[in-house]
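What follows is each chain in one-letter form.
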Number of protein chains: 2
Amino acid sequence: MNLTTIPADDRGLHYGDGLFETIRCAFGQAPLLDWHMQRLGLGCERLGLPLPDVKRLREEIRDACADLPHAIVKLVLTAGSGPRGYARPPVLTPRTLLQVQPLRFDAAADLKLRWCDLKLARQPALAGLKHLNRLEQVLARREWNTDEFDEGLMLDSENRVICATAANVFIRMADQWLTPPVEGCGVAGIGRRWMLERGAQVRELSVADVGRAEQCVLTNAVRGPRAAISLGSRRYLPDEEVRSLRSAWEQCFATGASGQGPDPQVSP
Amino acid sequence: MNLTTIPADDRGLHYGDGLFETIRCAFGQAPLLDWHMQRLGLGCERLGLPLPDVKRLREEIRDACADLPHAIVKLVLTAGSGPRGYARPPVLTPRTLLQVQPLRFDAAADLKLRWCDLKLARQPALAGLKHLNRLEQVLARREWNTDEFDEGLMLDSENRVICATAANVFIRMADQWLTPPVEGCGVAGIGRRWMLERGAQVRELSVADVGRAEQCVLTNAVRGPRAAISLGSRRYLPDEEVRSLRSAWEQCFATGASGQGPDPQVSP
């Protein structure tokens, strides 16, 4: 539902008890919607929330973006209303909220990165999920407020590279795209899955790995893969392969006709 | 404000970008309000939120509980409305929300405890604060749904004892009350401060410490100190000192007249 308010007793507000998806739509379709719905379903299972009515959600998302050629639909699913206290009510009525906005193409294609000071805590119970507890990302994003940087890379408490504040990170080493696991912290991003289905591999990455990588790319479900051109004093020179990744991503949204993943034969 | 709805673009809902206080009131006063306001102010500083108008908040809290002899006022302070994205808007207009309910005295005085499986992640940037990212507590509280237990004790990822899902934990060893530090995770509770001002000490605690303790007490701002009578198969026999702690706590709320801490001469 395209709500403008939510009840003040919503558990999403009080405890962050819920999940979200940020879905890129094109011409009234959401080409990666299957993946978003799969991740949402997995998140519900892990948080112990009832599975949403996916068929109805799909229709609502399609209706929400019908009038815009390119749109972002943010879906928030919360545990719904409840009395004070961490214990959920015996009967849970989850609440969904859709917010639509036109997609603007003015974001910088090439990114200037920094390292964030804030370290992500490792919490396997929440890792991988796009849940509503995002204070770490909010605090990390507060570390800069100039145009000098577009995004910040985040480490975990043991100095493993995990992600950017609002994107997954990939580096290319010896012609292989690599991205960190998200079993301890981080989000199993939709743009990350798109890269994995194209042959990228999961591997723990150190700060030194990112420094010596041939390329560094950030990706999320809205912007797709974007090349880093700098990380502090390190410079990257985006090459043809990076540019072709980007155009393959944009191709998924050129017509919006499929309604499936961009490469349905490899989708589960 | 005693809102029944909040705008759907509130950052408290989307990111848990905010703080809360659960304040016990008696006869139109909140005896521990100073402490709540101090913690809220500290939380705002650490999260980078503008300090609220404390004078006005105090008045609103007093008005909210004026008609009830014993009440719980929950104050939620969020970063307010904002566009999509972790970056806060340049001008932040925090939102406050008050919810009032009568205090019921039907809670069990003596508690049956268990150990929670979920381990708290160590995140020093958020530790001690009563922020709105509470999924760990929600998941821990989901581990039981019978009357067999009243609360669950939580460990951190390195098996240090930290707290219960909605209370701080104290044990007594060699006539000294002890409670774990909250610099890595956990909340600097109001009931915890009350115990510290009465001579309790901060010390790292192990599972074994809790097992061999003479007494185990949980405390929060609403219920005050409550004795554990069991933790799994371990039995505790609450003694006169535990009962006198409890009655000293209740004495703070017997008239509600002070408007200060219960022991103003030791308040900072």
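These notes cover the structure that comes with them. (Residues numbered from 1 in each chain as written. Chains lettered and ligands numbered in written order. Predicted model: local features only at pLDDT ≥ 70, side-chain atom pairs only at ≥ 80, totals over all residues. Heavy atoms only, no water.)

**What about the overall build of chain A?**
Moving on, step 1. For chain A, the count of helices and strands is seven helices and 13 strands.
Moving on, step 2. Over its C-alpha atoms chain A spans a radius of gyration of 19 Å, differing by no more than 12% from the 18 Å that the globule rule assigns to 268 residues.
Moving on, step 3. With the C-alpha coordinates of chain A rotated into their principal frame, the extents come out at 50 × 40 × 35 Å.
Moving on, step 4. Within chain A, the fraction of its 268 residues that count as buried is 57%.
Moving on, step 5. Across chain A, the fraction of contacts at a sequence separation of at least 24, relative to all contacts at a separation of at least 6, is 72%.
Moving on, step 6. Accessible surface for chain A amounts to roughly 10,900 Å². Of this, 51% is attributable to carbon and sulfur atoms. (Helix = DSSP H or I, 4+ residues; strand = E, 2+ residues; numbered from the N terminus. Rg over C-alpha atoms; globule rule 2.2 N^0.38 Å. Buried < 20%, exposed > 50% of the residue type's maximum accessible area, 1.4 Å probe, protein only. Contact = heavy atoms within 4.5 Å. Areas by Shrake-Rupley, 256 points an atom, 1.4 Å probe, with all protein chains shown as cover.)

**Here's the deal with the pattern of salt bridges**
Moving on, step 1. Scanning the entire structure with this criterion turns up 42 salt bridges over all chains.
Moving on, step 2. Glu60(B) is the partner of Arg56(B) in a salt bridge, and the nearest nitrogen-oxygen pair spans 3.4 Å. Here Glu60(B) and Arg56(B) lie together in helix H3 (residues 54–64), a separation of four residues that amounts to about one turn.
Moving on, step 3. Arg56(B) sits in the partly exposed class, given a relative accessible area of 46%.
Moving on, step 4. On the accessibility criterion, Glu60(B) (18% relative accessible area) is buried.
Moving on, step 5. Between Glu143(B) and Arg114(B) there is a salt bridge, and its shortest N-O distance comes to 3.1 Å. Of this pair, Glu143(B) sits in the loop between helix H4 (135–141) and strand S6 (151–155) while Arg114(B) is found in strand S5 (residues 111–115), placing the two residues 29 residues apart along the sequence.
Moving on, step 6. You can call Glu143(B) partly exposed: its relative accessible area is 25%.
Moving on, step 7. Linked through salt bridges whose partners overlap, the residues forming this network are Arg122(A), Asp156(A), Glu158(A), Arg160(A) and Glu204(A). (Salt bridge = Lys/Arg side-chain N within 4 Å of Asp/Glu carboxyl O.)

**Section: the relation of the copies chain A and chain B**
Moving on, step 1. Superposing chain A onto chain B requires a rotation of 180° together with a translation of 0.0 Å along the rotation axis, leaving an RMSD of 0.0 Å. Accordingly, the operation relating the two chain copies is best matched by a two-fold axis. Relative to the rotation axis, the closest C-alpha in chain A is found at Leu13(A), a distance of 2.0 Å.
Moving on, step 2. Taken as a fraction of all interface residues of chain A, those also at the interface in chain B reach 98%, which identifies the copy contact as same-surface. (Least-squares fit on C-alpha atoms with pLDDT ≥ 70 in both.)

**Remarks on the pairing of strand S7 (residues 161–164) of chain B**
All names here are of chain B.
Moving on, step 1. Two elements, S6 and S7, share three bridges in a ladder whose sense is antiparallel. Each residue of the ladder has a partner; that of Leu155, found in S7, is Val161.
Moving on, step 2. Between the antiparallel neighbours S6 and S7 lie five residues, among them Asn159 with a positive phi of about 65°. (Pairing = 2+ DSSP bridges.)

**A look at the sheet that holds strand S2 (residues 18–26) of chain A**
Residue and element names in this part refer to chain A.
Moving on, step 1. The three strands lie next to each other as S2-S3-S4, forming an open sheet whose pairing is antiparallel. Each of the sheet's edge strands pairs with one partner strand only, and the pair in question is S2 and strand S4 (95–102). Taking each pair of neighbouring strands and ignoring which way they run, the sheet shows an average axis angle of 15°.
Moving on, step 2. Strand direction decides the pairing type here: strand S3 (residues 70–78) and S4, joined by eight bridges, are antiparallel. Looking at S4, one finds that Leu77 is bridged to Thr96. (Axes fitted to C-alpha atoms, helices over the stretch in contact; angles between N-to-C directions.)

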